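Listed below, chain by chain, are the residues.
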Amino acid sequence: MRIRLTSSVLGLFLALIVGSASAEVVVVVSAQNPTESLTRAQLTDIYLGRLNRFPSGESVTPIDQREGATAHRLFYRDYLGQTPAQIKAHWSKLIFTGRGQPPRSVADDSAMADTVAASPDALGYLDSTYLDSAEVGDRLRVVVIE
Amino acid sequence: MPVICHEVYLAVGVMSKTLGIAIAAVSLVYALIGQAQGAETPRLMLNGFGTLGIVHSDEDRADFTSNILVPRGAGHSSDWSAEVDSRLGLQLTAELTPRVSSVVQVIAEQQHNGKYMPELEWANVRFDVTPDLSLRAGRMVQSTFMSSEFRKVGYATPWIRPPLEVYRMIPVTNFDGFDASYRSRIGEVTHTLRGTYGQADAKFSGGEAKARQAWGVSSTLEWGAASLFGSYGGSRLSIEMAGVDTFFDAFRLYGPEGDAIADRYETHDKRFDIFSLGASYDPGDWFVMGEWARSNSRSIIGDLRGWYVTGGYRIGAVTPYMTVARASVTSNLSDPGLSPEWWWHPEALEGAEALNEALNTWLRASARQNTLSLGARWDFAPNMALTAQYDHIDIDGGSWGTLVNHQPGYEPGGTVNLFSLALDFVF
């Protein structure tokens, strides 16, 4: 009993280590959205407010995770190559000239999954492990970033 | 008599207290907020930005200011001045419908009269005809240079302040009028074309500048980490300043020759135009950016040139950077003036010589200088950055550089060293 408990705690611990070491953020759309891939440049331009359409021509609404969330930091680091401070400076230029507002942000992976699944024009990102663990696979599609 | 800051004349741009239409439109928009419907709109957002900065200058017989229209700065007025870069801005953005929005921005900073009364920087209503075509009316900021529209938001720029060598050419930022902005996309290149038309009044310590029929076009190309900018604009510029009319009227007493000199240099309804080019490349870990600009005034302000190049490297939260900049004047720095041999009467001759000397001192005083700036920005907290910057300004002989408030004993030319510290924030 004790041994089983210990090993399962150990297993959880290992899973956490492995999970965090291989933490990967994936880009998702609603399963109703036909988009299968985006180029890195398209993704960057959508999240920087320069592009407001999917390649199909449909309008896109990017969704952010809250600043300080791991997924937020990893997304901007891995896909846009920028730090949260750089992103903040970028949006300051647009906000204070009346040229745009940053994407709406949600609290965590679960809120992101719900928001994106509910809206065919939404584009979001979340931790890939959340996608595997939660039963959201049917509601979301992972977008390949080329 | 013409012991007057030369550059105040550059107040081409833009600033006015006559905002009737804009304010009415904005009020209407805000009145409509309660009635608008929609899932995402109306949405009201309050944002702010600010800088708390101090500057030390080792030149104590003139002031260094970040805006040549203000009366006090670092050097003569204060050894360490908090008035050069400090400011607070508040902005209310209202998205009324998915297509109609409004921005009102108020900034408190040192004004032309040395006071800190908040001033309206932006107050306009925007209508998105399509997602890519928008029209605005009211008060807004000219996009003469690459960073013009957000030059007061220290957090959004790498420097403590935009390089004066270029940005001095348009010391006032906002104008009242209209603009149209059209965005198009060719492959992965985003192109934004903007056109503006309006007018501006700018007060400065000792006078007022008026720009009428002010128009401008600007074009921005963005492709991944690279961006290219170009703009061209013109206006009819008038500058009223105590003593200046008297000065040129004195030339007119000398007949046709004096009239020609007064016509050449005075600043009543003169055609002013400005052209600028800029580029930046920012792949993430480092950046480089530069701008070049020239303005022609057909007046005592002269024809100005300026450029700068800034580069920086990001090491974690710290970004060291370096800027080199040059301001120059391509119009004449001297004028033969009135021909003394025509004036045999001793008093007339003396007067002509004094006028000639004053005119030449003024022409030589125009800002010609090189600046080397070294700095580092530290993004130590979300929404906040601390920047330290050292500037070494090498002023050409005879020139007063971009300094203002020159005191008796000030020697033109020479070098000025500045040390600046600024805390920038946004919320």
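Residues numbered from 1 in each chain as written. Chains lettered and ligands numbered in written order. Predicted model: local features only at pLDDT ≥ 70, side-chain atom pairs only at ≥ 80, totals over all residues. Heavy atoms only, no water.

## Regarding the sheet that holds strand β4 (residues 104-106) of chain A
Residue and element names in this part refer to chain A. Let me state the cut-off plainly: A pair of strands is considered paired only if DSSP assigns at least 2 bridges between the two. Only DSSP runs of H or I covering at least 4 residues are called helices, and only runs of E covering at least 2 are called strands; the numbering of each starts at the N terminus. Contacts are assigned to residue pairs that have any heavy atoms within 4.5 Å of one another. Here an axis means a line fitted to C-alpha atoms, over the contact stretch when the element is a helix, while the angle between two N-to-C directions is reported on a 0 to 180 degree scale.
Overall, mixed pairing links the 6 strands, which are arranged β2-β6-β1-β5-β3-β4 in an open sheet. Whereas interior strands pair on both sides, the edge strands pair on one side only; in this sheet they are β2 (37-38) and β4. Where strand β1 (residues 25-30) and strand β6 (residues 140-145) come together, 4 bridges link them in antiparallel fashion. Within β6, the position partnered with V29 by the bridge is R141. Along the sheet face, helix α2 (residues 40-47) touches β1, β2, β3 (61-65), β5 (122-127) and β6 and points at about 105 degrees away from the line of β5. Contacting β1, β3, β4, β5 and β6, helix α5 (residues 109-118) runs over the sheet at an angle of about 155 degrees to β5.

## Here's the deal with the interface of chain B and chain A
Heads up, the condition is: The buried area of a pairing is the accessible area, by a 1.4 Å probe, that goes missing from both parts when the two are put together, added over both. Think of a salt bridge as a Lys or Arg side-chain nitrogen and an Asp or Glu carboxyl oxygen that are within 4 Å of each other. Definition of a polar contact: a pair of N or O atoms within 3.5 Å, with one able to donate and the other able to accept a hydrogen when the atoms are protein atoms, and with sequence-neighbouring residues admitted only if both atoms are side-chain atoms.
Contacts between the two partners involve 39 residues from chain B, matched on the other side by 23 residues from chain A. Summed over both partners, the interface of chain B with chain A buries about 2500 Å², with 46% contributed by carbon and sulfur atoms. When the area that chain B buries against chain A is broken down by residue, the three leading residues are R183, R185 and E188 of chain B, summing to 18%. Put simply, chain B and chain A have 3 salt bridges between them. Among the ionic pairs, D45 of chain A bridges to R185 of chain B, the shortest N-O distance being 2.9 Å. Summed over the shared surface of chain B and chain A, the number is 14 residue pairs in polar contact (both at pLDDT 80 or more). Of all the secondary-structure elements, those providing two or more residues to the side of chain B that touches chain A are β1 (43-57), β5 (87-95), β6 (100-108), β7 (119-130), β9 (174-186) and β10 (189-204) of chain B. With 5 residues, β1 of chain B is the single largest residue contributor to the side of chain B that touches chain A.

## Observations concerning the packing of helix α3 (residues 244-252) of chain B against helix α4 (residues 255-265) of chain B
Residue and element names in this part refer to chain B. In plain terms, the rule: These descriptions rest on fixed angle ranges, namely under 35 degrees for roughly parallel, over 145 for roughly antiparallel, 65 to 115 for roughly perpendicular, and the rest for oblique. When residues are grouped by polarity, Ala, Val, Leu, Ile, Met, Phe, Trp, Tyr, Cys and Pro land in nonpolar, Asp, Glu, Lys and Arg in charged, and all others, Gly among them, in polar.
Axis separation between α3 and α4 bottoms out at 6 Å; the angle between their running directions is 150 degrees. Overall, the two elements α3 and α4 adopt an arrangement that is roughly antiparallel. Counted together, F248, F251 and R252 of α3 and G255, G258, D259, I261, A262, D263 and Y265 of α4 form the full contact between these two elements. Grouping the amino acids of the contact of α3 with α4 by side-chain chemistry returns 5 nonpolar, 2 polar and 3 charged.

## Some words on helix α3 (residues 70-80) of chain A
Going by this rule: Three labels apply to residues, based on accessible area from a 1.4 Å probe with only protein chains included: buried if under 20% of the type maximum, exposed if over 50%, partly exposed otherwise in between.
Along α3 of chain A, the residues classified as buried are A71, H72, L74, F75, Y76, Y79 and L80 of chain A. Phi for G81 of chain A, located one or two positions after α3 of chain A, is positive at around 65 degrees.

## A short note on the pattern of salt bridges
Residue and element names in this part refer to chain B. All chains considered together, the criterion is met by 32 salt bridges over all chains. Put simply, R161 and D391 hold a salt bridge, and the shortest N to O gap is 3.8 Å. With R161 in the loop between β8 (133-141) and α2 (164-167) and D391 in strand β18 (residues 384-395), this pair connects stretches of sequence that are 230 residues apart. A residue is classified by how much of its surface remains accessible, and R161, at 7% relative accessible area, is buried.

## Concerning the confidence of the model for chain A
Residue and element names in this part refer to chain A. Definition in use: Within a predicted model, pLDDT stands for the predictor's per-residue confidence, ranging from 0 to 100.
Taken residue by residue, chain A gives an average pLDDT of 86. The fraction at 70 or more is 84%. Here helix α1 (residues 2-21) is the element of chain A with the lowest mean pLDDT, 49, and β3 is the one with the highest, 97. Here residues 14-21 is a poorly scored stretch, pLDDT under 50, and it has 0 contacts once near neighbours within four places are set aside; other chains count.

## Looking at α2 of chain A
Residues and elements named next belong to chain A. For α2, the buried fraction is high: 6 of the 8 residues fall into the buried class. The set of residues buried in α2 consists of Q42, L43, T44, D45, I46 and Y47. With its phi angle positive at about 80 degrees, G49 sits one or two positions after the end of α2.

## A few points about the environment of T371 of chain B
Residues and elements named next belong to chain B. Within the secondary structure, T371 is located in strand β17 (residues 369-381). For T371, the contacting residues outside a window of four places in its chain are E165, T323, V324, A325, D391, H392 and I393. At 2.5 Å, the side chain of T371 and the side chain of E165 are in polar contact.

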